[in-house]
Amino acid sequence: MAKELIVIGGGAAGIFCAVNAARMSPGLRVTVLEKTGKLLSKVKVSGGGRCNVTHACFDISAMAGRYPRGQHFVRKAFHQWFTTDTINWFQERGVELKTEEDGRMFPVTDSSQSIIDCLMRELNRFGVEVRMHAEVKGVEKEGEGFAVTLADGRVLAADHVCVACGGYPKSGMFEWIRALGHSIEEPVPSLFTFNMPGDPIVGLMGVSAPAAQVKVVGTKLVEKGPVLITHWGLSGPAVLRLSAWGARELAAREYQFSIVVNWLPEFSEQEVRDRLQELRYEWAPKMVGSGPPFGLPRRLWDHWLGISGVHKDIRWADLPIREQNRLAGLLCAATFTVKGKTTFKEEFVTAGGVRLSEVDAGSYGSRKVAGLYFAGEILDVDGITGGFNFQHAWTSGWIVADSIRALVSTT
Ligand SMILES: Cc1cc2nc3c(=O)[nH]c(=O)nc-3n(C[C@H](O)[C@H](O)[C@H](O)COP(=O)(O)OP(=O)(O)OC[C@H]3O[C@@H](n4cnc5c(N)ncnc54)[C@H](O)[C@@H]3O)c2cc1C
């Protein structure tokens, strides 16, 4: 009799697993169970509707270093399925990817629909059965196989099960996975922006500093890169990366902490002081507000002049030394109080999930239950922003398909 694989979840990891399993093991019956009425809904909205499929990083260690949780695990997995494999897989099926300056890769069409159409074609081509509105409530080992119970009470039989149901934001949602004997690392949000209610800097919303350094006081968390000022506080790649690396530590502080921003991290404070001193002579007759030094955005410069007590209309030659030094201090180390976070809707992920020590990185198979596999964000793996989370979805989905192929071909 044909063996049956049930994939729980019709997201990137589940669908990639299903299409590859059906292709690699022609005798295998593959069914995807999806609780909503839509497949690949995150792929559709991701990257602002363009889908940031992967990252143009071709070094396994460097790539693994972009995962705050699961680094060692993905390093092993990438030896089996890496960024290059993802790029080739889509290219062989008519979807060309292009690379943006920051390394993010998108379909050349700039439309996530190209990825969805490609995966849907493969689902049809290899006869994968898809059941919508099929929410799994429980999975039990039954003999050599599994009994999968749906919310409407139906029970389906399977020889292999791949759990690819994405990141659950609440601990209670993992109950049916705990019931299989697996431990769960508590879920916390990753990739969020910092709220700084009442801080006058939010008046500069829309201003971006291309290369600032942000440190969380009292921790080792520090990141350098673009920082964007928003209506609520600070965002941008440097802040998002900090939120990912600090997901647990910042959750433990209930998102109440202080940060220090260095707007000019390429200079020491002494160099900034010296340069301001030079400008008193070089730009002596000019108004301090007439143009910012150091290539700073004008509104940011005006803001720090105001906070330092310097009037925009005084001449550089007349800049009082006390205010000049205060300005240098603020440009190099401005302290802000963070009170709360805002989820980064562009690429939100959950840190936490199925404990990695209970899963084999070579097969993505459970170490507790034979025939059970995990793929995607349900695992305690998450990457920073830039295509890393989808790459893990493709890698894990493919490895599960290949592990099942190896089993099916020997039975
Ligand atoms: C708005 C947004 C934009 C993003 N943009 C990017 C990006 O550009 N690049 C990037 O790398 N990452 C991005 N991410 C993260 C990325 O989308 C996820 O990491 C990735 O989708 C995880 O894939 P997955 O298949 O594991 O889970 P999901 O895509 O979440 O899919 C899981 C599926 O399982 C279903 N399901 C859950 N429980 C059950 C159940 N009990 N029974 C049946 N079905 C169930 C869900 O309905 C869902 O369809 C983005 C995330 C969001 C929210």
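Conventions we followed
Residues numbered from 1 in each chain as written. Predicted model: local features only at pLDDT ≥ 70, side-chain atom pairs only at ≥ 80, totals over all residues. Heavy atoms only, no water. Helix = DSSP H or I, 4+ residues; strand = E, 2+ residues; numbered from the N terminus. Buried < 20%, exposed > 50% of the residue type's maximum accessible area, 1.4 Å probe, protein only. Contact = heavy atoms within 4.5 Å. Salt bridge = Lys/Arg side-chain N within 4 Å of Asp/Glu carboxyl O. Axes fitted to C-alpha atoms, helices over the stretch in contact; angles between N-to-C directions. Left-handed = near helix turned anticlockwise from the far one by under 90°. Nonpolar A, V, L, I, M, F, W, Y, C, P; charged D, E, K, R; others polar. Near = heavy atom within 4 Å. Polar contact = N/O pair within 3.5 Å; in protein donor to acceptor, adjacent residues only side chain to side chain. Areas by Shrake-Rupley, 256 points an atom, 1.4 Å probe, with all protein chains shown as cover. 1 Å grid on protein atoms, 1.4 Å probe; cavity = no way out; pocket = protein on both sides within 12 Å on 5 of 7 lines; lining within 4 Å. Sits in = over half its atoms within 2 Å of the grid points. Points joined across faces, edges and corners; volume = space filled by probe spheres on them. Phe/Tyr/Trp six-rings, centres within 6.5 Å; stacked < 30°, edge-to-face > 60°. Lys NZ or Arg CZ within 6 Å of the ring centre and 35° of its normal. Pairing = 2+ DSSP bridges.

Enquirer: Describe the overall build of the protein, listing the residues and the values that go with them.
Expert: Helix and strand counts for the protein come out as 13 helices and 22 strands. Taken along its principal axes, the extent of the C-alpha atoms in the protein is 90 × 40 × 35 Å. For the protein, buried positions account for 55% of its 411 residues. A sequence separation of at least 24 residues applies to 72% of the contacts in the protein between residues at least 6 apart.

Enquirer: With reference to specific residues and values, describe the pattern of salt bridges.
Expert: Per the counting criterion, the structure on display carries 23 salt bridges. A salt bridge links R131 to E129, with the shortest nitrogen-to-oxygen separation between them at 3.1 Å. Measuring nitrogen to oxygen at the nearest pair gives 2.8 Å for the salt bridge that ties D402 to R405. Residue D402 and its partner R405 are both found in helix α13 (residues 388–409); the two are separated by 3 residues, about one turn of the helix. Judged by relative accessible area, D402 falls into the buried class, the value being 16%. What emerges from the salt-bridge pattern is a single network uniting R50, K98, E100, D102, R104 and D110.

Enquirer: Explain helix α8 (residues 237–245) to me, and be specific about the residues and the numbers.
Expert: Side chains of residues three or four places apart in an α-helix project in the same direction, reflecting 3.6 residues per turn. The complete set of buried residues in α8 reads A238, V239, L240, L242, S243 and A244. Contacts made by the buried residues of α8 are with β11 (184–190), β12 (192–195), β13 (208–216), β14 (222–229), β15 (233–235) and α9 (247–252).

Enquirer: How would you sum up the packing of helix α1 (residues 12–24) against helix α6 (residues 112–125)? Please name residues and give values.
Expert: Closest axis-to-axis distance for the α1/α6 pair is 9 Å, and the angle between their directions is 40°. The two elements α1 and α6 cross, and the hand of that crossing is left-handed. Each of I15, F16, A18, V19 and R23 in α1 lies in contact with α6, whose residues at this interface are L119, E122 and L123. By residue class, the composition of the contact of α1 with α6 is 6 nonpolar, no polar and 2 charged.

Enquirer: Describe the site of the ligand, with residues and values.
Expert: The ligand sits among 34 residues. The nearest are E34, Y168, E346, E377 and F390. Between the ligand and E34, the relevant distance is 2.6 Å, taken from an oxygen atom to a side-chain nitrogen or oxygen of the residue. Protein coverage of the free-state accessible area of the ligand, which is 1000 Å², stands at 93%. In this structure, the ligand is accommodated by the largest pocket. Of all the secondary-structure elements, those providing two or more residues to the shell around the ligand are α1, α2 (41–49) and α13.

Enquirer: Describe in detail the layout of surface pockets, supporting the description with residues and values.
Expert: Estimates place the volume of the largest pocket at around 890 Å³. Contributing to the lining of the largest pocket are 45 residues, with G11, K42, G166, G167 and E377 lying nearest its centre. For the lining of the largest pocket, the secondary structure elements donating two or more residues are α1, α2 and α13. Broken down by element, the residue count for the lining of the largest pocket peaks at 5 residues, all from α2. Classifying every residue of the lining of the largest pocket by side-chain character gives 21 nonpolar, 15 polar and 9 charged. Of the voids in this model, the second largest pocket is the one considered here, and its volume is about 400 Å³. As for the second largest pocket, its lining consists of 16 residues, of which D102, R104, P237, T385 and G386 are closest to the centre. Sorting elements by how many residues they give to the lining of the second largest pocket places α8 first, with 3 residues. Residues that form the lining of the second largest pocket fall into these classes: 5 nonpolar, 5 polar and 6 charged.

Enquirer: Which residues make up the environment of S235, and what values go with them?
Expert: Mapped onto the elements of the fold, S235 is located in strand β15. Along the sequence, S235 and T193 sit 42 residues apart, while their C-alpha atoms lie 4.9 Å from each other. Not counting chain neighbours up to four residues away, the residues in contact with S235 comprise T193, P226, V227, L228 and T230.

Enquirer: Residues and numbers for the packing of aromatic side chains, please.
Expert: Ring pairs (aromatic) are described by centroid distance and by the angle formed between their planes. Evaluated as defined, the whole model comprises 22 aromatic pairs. Through successive ring pairs, a cluster of aromatic residues spans F16, W81, W89, F90, F390, W394 and W398. The side chain of R93 reaches across the aromatic face of W89, ending 4.0 Å from its centre. Geometry around Y255 places K341 over its ring, the cationic atom sitting 4.8 Å from the centre.

Enquirer: Run through the sheet that holds strand β8 (residues 145–150), naming residues and quoting values.
Expert: Taken in spatial order, the 3 strands line up as β7-β8-β9 in an open sheet, and their pairing is antiparallel. Each of the sheet's edge strands pairs with one partner strand only, and the pair in question is β7 (136–142) and β9 (155–158). Along the sheet, successive strands turn relative to each other by an average axial angle of 25°, direction set aside. Both β8 and β9 contribute to a ladder of 4 bridges, which runs antiparallel.

On their own, these measurements won't tell you what the molecule is for.
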